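Structural overview
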Amino acid sequence: NDESEMTSLTDYLERMKEKQEHIYFMTGTSRAECEKSPFVEKLLKKGYEVLYLVDPIDEYTVQNLPEFEGKKFQNAAKENLNLQESEKAKETMEVLGREFDLLMTWLKDKVLSAGIDKAILSTRLVNSPCALVATQYGYSGNMERIMKSQAYAKAGSVEGGNQKKILELNPFHPIIQELNRLYKEDAESDAALDLANALYDTALLR
């Protein structure tokens, strides 16, 4: 809402859109990182305000504060992000789901089985081709970084680090459409395999 001033949860609630059910938040090392994250693309496009939590303690705190004045918190980097989509949008995704179904199974069972829990179509992405989303009870990428840094500081290992995530694909992005075309043309081709792995490697950086 403001590029320099902090806000309060009470003020956030006053600015919430009509019928908005959740307090959306994104964690990261800086405001700039949060703003550029693929996880908030659709939220910002739809005009929702997203809380940017940039202190390492913030994510721990929110995990122990599941709601505020009856509104539940929702981490933009985790699965089941409720974007309150229209029925028409849901129907469109169902149709696309059938078009990309075999590609998603191929990614999950063969190409990226060691790195992802599953592959699904995304409703949160607008400009990005894909993103790795944490499971509902898993660690977000930001939380994994925090835990790893603490583990290194203690010369130990981090329990639960590098958990498998969900690969979300943007079915409207030309790169994902090209991947689907390559897969259908020849699932064993170097072009299809290379593009799938390149997308995954890029998503790891986000």
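This section reports on the structure supplied with the text. (Residues numbered from 1 in each chain as written. Predicted model: local features only at pLDDT ≥ 70, side-chain atom pairs only at ≥ 80, totals over all residues. Heavy atoms only, no water.)

Focus: the overall build of the protein
A count of helical and extended segments in the protein gives eight helices and seven strands. Taking 17 Å as the expected radius of gyration for a compact globule of 206 residues, we find that the protein reaches 18 Å, a close match to that expectation. The proportion of buried residues among the 206 residues of the protein is 43%. Considering only contacts in the protein between residues 6 or more positions apart, those separated by 24 or more positions represent 74%. Surface exposure of the protein reaches about 11800 Å², of which carbon and sulfur atoms provide 50%. Positive and negative side-chain charges in the protein, numbering 26 and 35 respectively, have mean positions lying 2 Å apart. (Helix = DSSP H or I, 4+ residues; strand = E, 2+ residues; numbered from the N terminus. Rg over C-alpha atoms; globule rule 2.2 N^0.38 Å. Buried < 20%, exposed > 50% of the residue type's maximum accessible area, 1.4 Å probe, protein only. Contact = heavy atoms within 4.5 Å. Areas by Shrake-Rupley, 256 points an atom, 1.4 Å probe, with all protein chains shown as cover. Lys, Arg positive; Asp, Glu negative; His and termini not counted. Charge placed at Lys NZ, Arg CZ, Asp CG, Glu CD.)

So, the side chain of Asn 180
On the secondary structure map, Asn 180 appears in helix 7 (residues 174–185). What Asn 180 contacts, discounting residues up to four positions off in sequence, is Glu 99, Phe 100 and Leu 103.

A short note on unusual backbone geometry
In terms of backbone geometry, most residues other than glycine have negative phi values and most peptide bonds are trans. One non-glycine residue, Lys 19, lies in positive phi territory at about 70 degrees. By the secondary structure assignment, Lys 19 is in the loop between helix 1 (9–15) and strand 1 (22–27). The class for Lys 19 is exposed, based on a relative accessible area of 70%. Phi at Asn 80 takes a positive value of approximately 60 degrees, unusual for a residue other than glycine.

A closer look at the sheet that holds strand 1
Picture the strands of a sheet paired through backbone hydrogen bonds; they go either parallel or antiparallel. Sheet architecture is open: four strands sit in the order 2-1-4-3, paired in mixed fashion. The outermost strands of the open sheet, each flanked by one partner alone, are strand 2 (51–53) and strand 3 (67–68). (Pairing = 2+ DSSP bridges.)

So far we have only geometry, and geometry alone does not tell us how the molecule works.
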